[in-house]
Structure formats: structure tokens, C-alpha cells
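Analysis of the macromolecular model
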Amino acid sequence: MPPATIICIGMAGAGKTTFVQRLNSHLSSKEARPYVINFDPAVLKIPYEPNIDIRDSINYKKVMQKYNLGPNGAIVTSLNLFSTKVDQVINLVEKKADTIQNIIIDTPGQIECFVWSASGAILTEAFASTFPTVIAYVVDTPRTAAPSTFMSNMLYACSILYKTKLPMIVVFNKTDVKDAEFAKEWMRDFESFQRALMEERENGNDGSSSGYMNSLVNSLSLTLEEFYSQLDVASCSAYTGDGFDDFMDLVGKKTEEYDKYYLAERKELLKKNAEKESQRKTDSLNKLVKDLDIKEDVIGRGRDSNVLSDIEDSEEEEELKAEKDQSAK
Ligand SMILES: Nc1nc2c(ncn2[C@@H]2O[C@H](COP(=O)(O)OP(=O)(O)OP(=O)(O)O)[C@@H](O)[C@H]2O)c(=O)[nH]1
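Residues numbered from 1 in each chain as written. Predicted model: local features only at pLDDT ≥ 70, side-chain atom pairs only at ≥ 80, totals over all residues. Heavy atoms only, no water.

**Concerning the overall build of the chain**
- Counting secondary structure elements, the chain contains 13 helices and seven strands.
- In the chain, which comprises 329 residues, the proportion classed as buried is 41%.
- Counted over contacts in the chain with a minimum sequence separation of 6, partners at least 24 positions apart contribute 75%.
- With the model as given, the accessible surface of the chain reaches about 18900 Å², and the carbon-plus-sulfur share is 51%. (Helix = DSSP H or I, 4+ residues; strand = E, 2+ residues; numbered from the N terminus. Buried < 20%, exposed > 50% of the residue type's maximum accessible area, 1.4 Å probe, protein only. Contact = heavy atoms within 4.5 Å. Areas by Shrake-Rupley, 256 points an atom, 1.4 Å probe, with all protein chains shown as cover.)

**With respect to the site of the ligand**
- Every one of the 17 residues lining the ligand counts as a neighbour, but K16, T17, T18, D176 and A238 are closest to it.
- Between the ligand and G15 there is a distance of 2.9 Å, counted from an oxygen atom to a backbone nitrogen or oxygen.
- When the free accessible area of the ligand is taken as 650 Å², the share hidden by the protein chains comes to 71%.
- No other element matches helix α1 (residues 16-29), which puts three residues into the shell around the ligand.
- For the shell around the ligand, the residue count by class is six nonpolar, seven polar and four charged. (Near = heavy atom within 4 Å. Polar contact = N/O pair within 3.5 Å; in protein donor to acceptor, adjacent residues only side chain to side chain. Nonpolar A, V, L, I, M, F, W, Y, C, P; charged D, E, K, R; others polar.)

**Some points on the pairing of strand β4 (residues 102-106)**
- The buried fraction of β4 amounts to five of the five residues, a majority that puts the element mostly inside the structure.
- Across the two faces of β4 the burial is the same, with N102, I104 and D106 and I103 and I105 all buried.
- Direction of pairing for strand β1 (residues 4-10) relative to β4: parallel, over a ladder of five bridges. Bridging across to β4, A4 finds its partner in N102.
- Alignment of strand β2 (residues 35-38) against β4, held across four bridges, turns out to be parallel. Paired with V36 across the two strands is I104, which belongs to β4. (Pairing = 2+ DSSP bridges.)

**What about the pairing of β1?**
- Summarising burial for β1: seven of the seven residues are buried, a large majority.
- Both faces of β1 are covered, namely the face carrying A4, I6, C8 and G10 and the face carrying T5, I7 and I9.

**Examining unusual backbone geometry**
- Not every positive phi belongs to a glycine, and E31 is a case in point at roughly 55°.
- Mapped onto the elements, E31 comes out in the loop between α1 and β2.

**Some words on the packing of helix α5 (residues 86-96) against helix α7 (residues 118-128)**
- Direction vectors running N to C along α5 and α7 enclose 30°, while the axes themselves pass 10 Å from each other. What the angle tells us is that α5 and α7 run roughly parallel. Handedness of the α5/α7 crossing: right-handed. Where α5 abuts α7, its residues V86, V89, I90 and V93 lie against I122, L123, A126 and F127. (Axes fitted to C-alpha atoms, helices over the stretch in contact; angles between N-to-C directions. Parallel < 35°, antiparallel > 145°, perpendicular 65-115°, else oblique. Left-handed = near helix turned anticlockwise from the far one by under 90°.)

And the structure:
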């Protein structure tokens with residue numbers, strides 16, 4: 001079975017890097033050492049030993065200086081430069097594919113730099129079309145305890161699901177600080193979330209007492225109900241290691257889902273893209289021919305092979321002639 005890829009995405013400080021470190025040691029302790037990749041060019045120190053580290057090929061500080069960029073621009077440019085090596089990255093991982101069960105990917109905290117950049121999409125696509133791939137959306141549980149923050153975070157997760165079109169597990173991290181039961185309850189029971197929102201509004205904590213905000217929040221929470229129905233939720237503490245067995249069970253479930261639904265969709269998408277690309281090439285070739293006013297018979301299809309068959313024919317004729325001459329003698 002090909003190894004499952006877990007792409008860890010989450011807001012800055014949600015605990016992605018600590019989560020990757022804990023997951024790495026959790027799997028290693030079960031003698032299922034994963035393949036770990038760091039795609040965050042700006043991180044100073046990582047508490048695990050990655051198999052592939054973007055920082056080995058790209059110097060983020062130099063990118064900043066050379067192209068005169070700010071922090072986010074430099075992350076995007078570093079990812080762009082690195083994405084040109086994506087084939088080599090996939091080759092390296094494929095060589096190890098028989099000996100590993102999981103690939104774990106750490107991404108930059110500036111989600112938009114990864115999820116909404118062309119290079120992030122290229123890297124994600126490359127993995128998703130080679131291995132079963134799952135998104136682990138890491139959430140800072142204590143910092144999402146307010147209903148309006150919770151909703152913003154879930155809308156973000158929803159947009160990532162929409163963009164990547166990959167199976168997703170929402171990981172409520174830092175449960176050693178705050179239990180994630182409240183969040184699970186809000187996801188299960190729409191009314192309990194509405195009540196919490198109402199309380200927040202009555203206490204004047206969300207700063208949105210206008211009628212417009214009320215109706216917007218209500219309709220958004222209904223939209224999220226549909227989103228939750230497709231989600232799987234894990235609660236973990238990257239500090240204590242709690243919840244990692246459950247998380248890995250969900251990865252197994254989502255991998256099956258990937259094989260069942262997403263893979264077929266992906267193949268269809270890749271096929272459509274290939275068709276589009278081939279159509280684009282034909283169109284631009286036709287345009288070029290038209291622009292250069294080249295006559296069609298000059299670029300007639302099979303022209304090269306016609307020349308080849310001529311050579312073969314003439315060779316055959318030569319051989320036949322030689323045979324005839326021989327027998328005549
Ligand atoms: N209490 C507690 N703290 C945690 C946990 N996981 C991470 N942290 C802390 O949260 C802070 C941020 O953790 P990181 O792992 O650096 O978070 P990140 O999402 O990788 O951050 P960026 O790379 O900046 O996006 C650090 O101080 C961690 O020690 C956890 O499970 N429990």
C-alpha cells in the first residue's frame with residue numbers, strides 16, 4: 001500500500017510544528033517511522049529531524065534581500081523556487097515508499113502563502129496525485145473558545161477544503177490547556193452553537209450587534225452544518241501526546257475515503273486538464289500556422305513517418321535488387 005501523506009495546515013501558532021514533532025515520535029515509537037518534510041522556509045528551528053527540508057535548498061533571508069521582499073513575499077517566492085524541484089522531491093519520496101507508511105508535511109503558518117499560492121497548489125497536487133493525501137487542519141483550541149472566533153476558524157478550514165479538494169481532519173490541538181468537547185458539541189448540535197453565539201452577543205463580546213451581522217452569522221452557521229457533516233474531528237495535545245492514536249485511526253479512515261471518492265475525481269480532473277492542455281497546444285499551433293501563412297500540406301500529419309517509410313522502402317528495394325543480382329550470378 002502506498003504511504004498516506006498528512007499535510008499539516010493551520011494558523012500561525014496553532015502548534016503545527018509541535019504536532020509534527022509529536023506525530024513523528026508517536027509513529028517512531030510504534031516502529032512505523034514516517035517520512036517528514038518541512039515546507040516552511042522561514043522557520044528558525046524545528047524540533048524534529050526532517051528527511052527533506054526546504055531550507056536546505058532555499059535561503060529565505062537571501063531571497064528577501066535579493067528580490068527586495070517582505071516576509072510573506074519571501075515565503076511565497078521561496079516556495080515558488082522550491083516547487084521547480086517538485087519532481088525530484090517526489091522521486092526521493094517514491095524511492096522510500098516501500099519502507100514507510102506515512103509522509104508528514106509541515107507548512108508555513110502564513111496559510112495563504114501555502115494554500116493560495118501557485119507553488120503551494122503544485123506541491124499539494126504533486127503529492128495528492130502520487131499518494132493518498134489527507135489535510136490535518138490544526139486548530140489552537142484555547143484560542144477558539146469564543147463562538148465568533150470558532151466560526152471564523154471553521155470558515156477558514158472550509159475554504160481550505162474547497163481549495164485543496166482533499167479529505168480533511170480538523171485537529172483540536174492544545175487540549176492539555178482546554179478540552180475540545182465544547183467545539184465538538186457546537187459541530188454536532190447547531191442549536192447549542194446558536195445559543196453560545198446569542199450569549200456572546202448579549203454579553204457584547206463579539207462587537208456585532210447589528211441585524212445584518214446577526215443574520216449573516218446565522219446563515220453561515222447553517223452553511224457550516226453541511227461542512228461539518230463531511231468532516232472528521234480529532235482532539236490532541238502535541239505536548240502530552242494525548243489523542244494521537246485516535247488521530248491515526250482517522251487518517252486510516254480518510255485514506256480509504258480518498259481511494260474511494262477523491263482518487264476517481266482527481267483522475268477525472270487530471271484527464272480534463274491534460275485534454276485542455278492538448279487542446280491549447282493544438283490551438284496555438286494552428287494560430288502559429290495561420291500567422292505564418294504555412295500551407296497545410298507542409299505540416300501534414302505523419303510527415304516524419306512518411307520520410308521514414310520511404311527510407312525503409314528504399315532499403316527493402318535495395319535488398320531485393322541485391323538478392324536478384326546474386327541469384328542471377
Ligand atoms: N500547551 C500546549 N502548547 C502547545 C501545544 N502545541 C504547541 N504548543 C505551543 O504553541 C506554540 C506554537 O507552537 P508551534 O508548533 O511553533 O506552532 P506553529 O503552528 O508551527 O507555528 P508557526 O510555524 O509560527 O505557524 C509554542 O509555544 C508551542 O510550545 C500543545 O499541545 N499544548
